[in-house]
Amino acid sequence: MLDAYGGLDTLAESYDYDNAPFLQSLSKNGFHVVQPFHSNYPYTEFSVATLLNMRYELHPDGSGLNETFTLDAKHARLMSASESVRDSRVVRDLKRMGYRHLTFQTGFSSVEIPSADQHFAPERTISDLEGEFINQTMLAPLLRAIGAPYHRYFQARDHRRRVAFTCETLLRLEVEEAPQFVWAHLLIPHQPFVFDAEGNPKAPPASREEIARVYHERYREQLQYTNKLMAEVLVELAVRRPDSVIVVLGDHGPRYLEEQRKYEWPALARDFASTIYAVKFPEGRVPAAATEAATHVNVFRALFRDIFGADLPNLPDVSFLPREQGSSEYVAVAWDGTEPRIVSYPGE
């Protein structure tokens, strides 16, 4: 999973970036690229929980899929989604079929799954929660005084370490007698922006004002490195594991709203929801999963039908997005290709 990876349409429209060459390179190497593809929710916890449980995290019984709702008690809902990630239906079902579950440290505690059969982590790093703790202690002023606040040094260093460690370890994993479900979540091209386009270290923006000023430029740079890295890792992984199913997903779009820029509909919807989905099956087979899933909620439903013959029909493909910038009121959106179509309105 690549965090905040924008879809082809939103990268071209809002970031002035043509991502077609990268997607074409995936296709040439046996991946079936699904475009357009959209997230069901614009937040990582809700997206991952929806993906791994094959049902809408905030609409678990399937009702209200055409209704507007207010995202109140957001923190509590995010915490609940984190629990859903750590104890997901996909993993439970696969373990019952004899799969071992392997995961990697992300640095984002809300979607960490340390309870897996094997959890890989680099040498001592600081998590997001530990970083926030540091920022609330007497250590923070000291670090700022010497020009090294947490988010400009420790987080940047550890972010780079995790990315490198995860990719290197993925390629070193040994084939075991038992089948494996390997879950790797890389927090790129999402900020902090700590790579240039070639993967060299680069200091992240120092303030919210600087982030707003350079976001699009730095996002494009980190996206270019993400593509470069993935082009190497995915091709090598496919060679080393020819009998494996390999899935590449984003959790949501770039989803950054510049303070100086007013996003209008439908660019707002695409910036939040448009992301990447590509899948490679053994022997070049075209999986039904490449044509029967248009949002996260149906990815593993389609994969399980394809691989195991599971009786898991698709759910409606709907995204829940803010109707206006900064609004807590979310509308249900269906997609006509890349065009969002609101199927609910406030007050209805």
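These numbers come from a predicted model, not from an experiment. (Residues numbered from 1 in each chain as written. Predicted model: local features only at pLDDT ≥ 70, side-chain atom pairs only at ≥ 80, totals over all residues. Heavy atoms only, no water.)

## Considerations on the overall build of the protein chain
Moving on, step 1. Check the secondary structure of the protein chain and you find 11 helices and 12 strands.
Moving on, step 2. The buried share of the protein chain, reckoned over its 348 residues, is 54%.
Moving on, step 3. Long-range pairs, those at least 24 residues apart, make up 69% of the contacts in the protein chain with a sequence separation of at least 6. (Helix = DSSP H or I, 4+ residues; strand = E, 2+ residues; numbered from the N terminus. Buried < 20%, exposed > 50% of the residue type's maximum accessible area, 1.4 Å probe, protein only. Contact = heavy atoms within 4.5 Å.)

## Section: the nonpolar core
Moving on, step 1. Counting residues in hydrophobic clusters, the biggest one holds 43 residues, and the most contacted among them are L52, V299 and F300.
Moving on, step 2. Elements supplying a minimum of two residues to this core: α3 (44-53), α4 (74-86), α5 (89-96), β6 (180-183), β9 (277-280), α11 (299-308) and β11 (329-336).
Moving on, step 3. In this structure V299 touches F37, L51, L249, Y277 and A293, once residues within four positions along its chain are discounted.
Moving on, step 4. Judged by nonpolar contacts, the second largest core, of 35 residues, contains L2, I188, I211 and L237. (Core = buried A, V, L, I, M, F, W, Y, C linked by side-chain atoms within 4.5 Å.)

## Digging into the sheet that holds strand β8 (residues 246-249)
Moving on, step 1. Pairing is antiparallel in the open sheet, where 3 strands are placed in the order β2-β9-β8. Bordering the open sheet on either side are β2 (32-33) and β8, each of which pairs with just one other strand.
Moving on, step 2. Relative to β9, β2 is paired through 2 bridges, and the arrangement is antiparallel. Of the residues in β9, the one forming a bridge with V33 is A278. (Pairing = 2+ DSSP bridges.)

## With respect to the pairing of strand β4 (residues 100-104)
Moving on, step 1. Most of β4 sits inside the fold, with 4 of its 5 residues counted as buried.
Moving on, step 2. Note that β4 and β6 share 4 bridges and pair parallel. When the bridges of β6 are listed, L102 appears paired with V182.
Moving on, step 3. Where β4 and strand β5 (residues 118-120) come together, 3 bridges link them in parallel fashion. Along β5, the bridge assignment pairs T103 with H119.

## Concerning the sheet that holds β5
Moving on, step 1. Spatial ordering of the open sheet is given by β5-β4-β6, a layout of 3 strands whose pairing is parallel. Unpaired on one side and paired on the other, β5 and β6 mark the two borders of the sheet. Averaged over all pairs of adjacent strands, the angle between their axes in this sheet comes to 15 degrees, without regard to strand direction. (Axes fitted to C-alpha atoms, helices over the stretch in contact; angles between N-to-C directions.)

## A word on helix α1 (residues 8-15)
Given 3.6 residues to a turn, an α-helix orients residues that are three or four positions apart in the same direction.
Moving on, step 1. All of the buried residues along α1 are D9, T10, L11, S14 and Y15.
Moving on, step 2. Along its buried surface, α1 packs onto α9 (208-240) and α10 (267-273).

## A short note on the packing of aromatic side chains
Moving on, step 1. Throughout the structure, instances matching the rule amount to 18 aromatic pairs.
Moving on, step 2. Considering the side-chain rings of Y15 and Y219, the 5.0 Å spacing of their centres and the 40 degrees angle between planes classify their relative orientation as tilted. Of the two residues, Y15 sits in helix α1 while Y219 sits in helix α9, which places them 204 residues apart along the sequence.
Moving on, step 3. Classification of Y15 as buried rests on a relative accessible area of 1%.
Moving on, step 4. Taken together, the aromatic side chains of Y41, Y43, F46, Y56, F69, F320 and Y330 make up a single cluster linked through ring pairs.
Moving on, step 5. In this structure, R323 packs its charged tip against the face of W265, placed 4.9 Å from the ring centre. (Phe/Tyr/Trp six-rings, centres within 6.5 Å; stacked < 30°, edge-to-face > 60°. Lys NZ or Arg CZ within 6 Å of the ring centre and 35° of its normal.)

## Digging into the side chain of T106
Moving on, step 1. If you trace the backbone, T106 turns up in the loop between β4 and β5.
Moving on, step 2. Excluding its chain neighbours within four sequence positions, the residues that come into contact with T106 are V111, E112, R162, H185 and L187.

## Considerations on unusual backbone geometry
Working note: non-glycine residues mostly have negative phi, and peptide bonds are mostly trans.
Moving on, step 1. For the bond from Q35 to P36, the omega torsion is 5 degrees, close enough to zero to count as cis.
Moving on, step 2. On the secondary structure map, P36 appears in the loop between β2 and α3.
Moving on, step 3. Each neighbour pair has its own omega, and for Q191 with P192 the value is 15 degrees, a cis peptide bond.
Moving on, step 4. Structurally, P192 can be placed in the loop between β7 (186-189) and α9.
Moving on, step 5. One non-glycine residue, A4, adopts positive backbone phi at about 60 degrees.
Moving on, step 6. Structurally, A4 is set in the loop between β1 (2-3) and α1.
Moving on, step 7. Although it is not a glycine, M54 adopts a positive phi angle of roughly 60 degrees.
Moving on, step 8. Take M54: it is sitting in the loop between α3 and β3 (69-70).

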